[in-house]
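The residues making up each chain are set out below.
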Amino acid sequence: MSGRSSRARDDGCGVSRRCRSRPSTPSTRAILRLAIHHIRRRGPILEDRPDRTYEPDLPNLRQVHLMHEELFDELALKGYDVSAGQLGENITTRDVDLLGLPTGALLRLGDQAVLEVTGLRNPCSKINDFRPGLLGEVFALDPVSGEFTFKSGIMAVVRQGGTVRPNDPVQVELPPLPHHPLERV
């Protein structure tokens, strides 16, 4: 997976709450320490989560939301019409195993932008407001292991700013061993 190249799709960066659609735009600017311009969860410290009340200096591990476009194909087979940006993601990829990446993997997008993968997106119940029953399709309880499977993308932080455009290449750089699987953030 290291050095693998794929493509990114920019899904806009309008000011919006989680789980709401975002309009597509020609490019998105990833800004060091501010994540994607105009996103409410930007910055190195949490701004809009209840955790901030108890831990005001808790780092913001949810600056950028990436989702794999293959999820939309899977959902379409189950009768859900969902496209890029409609589940609140900032960047949509294809041919990148986002859910299989370890914590700390770097994603190089375009010529300059670098994102560090921090964890799995914890889907919120507002997804059902968008399409009834959709929440049950983006995460499920494994009856054998008792573990939840999360399919609603990953979260990352900006390590180096840069402009990300549709169809920009995505290079995956794995962290040193041992690799740690993604957990919810």
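Residues numbered from 1 in each chain as written. Predicted model: local features only at pLDDT ≥ 70, side-chain atom pairs only at ≥ 80, totals over all residues. Heavy atoms only, no water.

Participant: Got a minute to help me understand the overall build of the chain in this structure?
Facilitator: Counting secondary structure elements, the chain contains four helices and 12 strands. Residues classed as buried in the chain amount to 46% of the 185 residues present. Taking the contacts inside the chain whose residues are at least 6 apart along the sequence as the reference set, 71% of them involve residues at least 24 apart. Surface accessibility of the chain: about 9400 Å² in total, with carbon and sulfur atoms responsible for 51%. (Helix = DSSP H or I, 4+ residues; strand = E, 2+ residues; numbered from the N terminus. Buried < 20%, exposed > 50% of the residue type's maximum accessible area, 1.4 Å probe, protein only. Contact = heavy atoms within 4.5 Å. Areas by Shrake-Rupley, 256 points an atom, 1.4 Å probe, with all protein chains shown as cover.)

Participant: Any chance you could explain the pattern of salt bridges here in plain terms?
Facilitator: Oppositely charged side chains can pair when the atoms bearing their charge come close. Taken as a whole, this structure holds eight salt bridges when the rule is applied. Between R94 and E69 there is a salt bridge whose closest N-O contact spans 2.8 Å. With R94 in strand β5 (residues 91–94) and E69 in the loop between β4 (64–68) and α2 (70–77), this residue pair connects regions lying 25 residues apart in the sequence. For R94, a relative accessible area of 28% translates into the label partly exposed. Ionic pairing is found between R159 and E116, a salt bridge with its closest N-O pair at 2.6 Å. In this pair, R159 is assigned in strand β10 (residues 154–160) and E116 in strand β7 (residues 113–120), connecting sequence segments 43 residues apart. Taking relative accessible area as the criterion, R159 reaches 47% and is therefore assigned partly exposed. (Salt bridge = Lys/Arg side-chain N within 4 Å of Asp/Glu carboxyl O.)

Participant: Looking at this structure, I do not really get unusual backbone geometry. What am I missing?
Facilitator: P178 follows L177 through a cis peptide bond whose omega is 0 degrees. Looking at the secondary structure, you find P178 in the segment after β12 (168–173). Positive phi, close to 70 degrees, is recorded for D95, a residue that is not glycine. By secondary structure assignment, the location of D95 is in the loop between β5 and β6 (106–109). According to the relative accessible area criterion, D95 is partly exposed, its value standing at 45%. For N167, which is not a glycine, the phi torsion comes out positive at approximately 70 degrees.

That is the geometry; function is a separate question.
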